[in-house]
Amino acid sequence: MEEITEGVNNLHVTAADSHKKNRIQVSNTKKPLFFYVNLAKRYMQQYNEVELSALGMGTHYFLSAIATVVTIAEILKNNGLAIEKKITTSTVDVKDESRGRPMQKAKIEILLGKTENFDELMAAAAEERDVGDGEEQS
């Protein structure tokens, strides 16, 4: 997604946030979209649910990290892998290193849980990959 070029800079994660093992903090400058989609699948396999979290770029810009989190959630839901459990939005104060003062940023957290057929769908996808790998080697 070339149009997503801005990320959240100088993010300070609080101690309470860092203890959540099933949280994915999404930033647009770090990894491609499907890195996060695949990571979310792995977290759901391990913890039965995943929390996607992102900060926006401020109140005057399109909130692209937030749009990425929504896109990840929609991909997982549309593929029958996840159900939406909770969506939380808020505004947080983040220290802006360049200006030396706090600025407000929009924040979203989306909690997704596994669907009833999550494990079945993941097993079928793994089997397809295995069959594809076997065909390439022969």
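No experiment lies behind these values; they were computed from the predicted model shown. (Residues numbered from 1 in each chain as written. Predicted model: local features only at pLDDT ≥ 70, side-chain atom pairs only at ≥ 80, totals over all residues. Heavy atoms only, no water.)

Draft legend 1. Region of interest: the nonpolar core. Formed by 26 residues in total, the largest nonpolar core has its most connected members in Ile24, Val50, Leu52, Ile72, Leu76 and Leu112. Those elements that provide at least two residues to this core are α2 (33–47), β2 (49–55), α3 (64–78), β4 (101–114) and α4 (118–137). Leaving out residues up to four positions away in the same chain, Leu52 has contacts with Ile24, Ala40, Val69, Ile72, Ala73, Ile108, Glu109, Ile110 and Leu112. (Core = buried A, V, L, I, M, F, W, Y, C linked by side-chain atoms within 4.5 Å. Buried < 20%, exposed > 50% of the residue type's maximum accessible area, 1.4 Å probe, protein only. Helix = DSSP H or I, 4+ residues; strand = E, 2+ residues; numbered from the N terminus. Contact = heavy atoms within 4.5 Å.)

Draft legend 2. Quick look at the packing of α2 against α3. Closest axis-to-axis distance for the α2/α3 pair is 10 Å, and the angle between their directions is 55°. In terms of their interaxial angle, α2 and α3 are classed as oblique. Pair α2 / α3 crosses with right-handed handedness. Touching Leu33, Phe34, Tyr36, Val37, Ala40, Lys41 and Met44 of α2 are Thr68, Thr71, Ile72, Ile75 and Leu76, all from α3. Taken together, the residues of the contact of α2 with α3 sort by class into nine nonpolar, two polar and one charged. (Axes fitted to C-alpha atoms, helices over the stretch in contact; angles between N-to-C directions. Parallel < 35°, antiparallel > 145°, perpendicular 65-115°, else oblique. Left-handed = near helix turned anticlockwise from the far one by under 90°. Nonpolar A, V, L, I, M, F, W, Y, C, P; charged D, E, K, R; others polar.)

Draft legend 3. Structural context of the sheet that holds β2. A sheet is described by the order of its strands in space; here four strands give the open sequence β1-β2-β4-β3, paired in mixed fashion. In this open sheet, the two edge strands, each paired with only one partner strand, are β1 (23–25) and β3 (82–96). Each neighbouring strand pair of the sheet contributes to a mean axis angle of 20°, computed without reference to strand direction. One ladder, built from three bridges, connects β1 with β2; its direction is parallel. Considered in β2, the bridge of Arg23 is made with Glu51. This element, α2, spans β1, β2, β3 and β4 of the sheet and lies at about 140° to β2. Contacts from α3 reach β2, β3 and β4, with the element oriented near 5° to β4. (Pairing = 2+ DSSP bridges.)

Draft legend 4. How the structure looks around the environment of Ile108. Position of Ile108 relative to the elements: it lies in strand β4. It is 5.7 Å that separates the C-alpha atoms of Ile108 and Thr88, two residues lying 20 residues apart in sequence. Once residues within four sequence positions are removed from consideration, Ile108 is found in contact with Leu52, Ser53, Ala54, Ile66, Val69, Val70, Ile87, Thr88 and Thr89.

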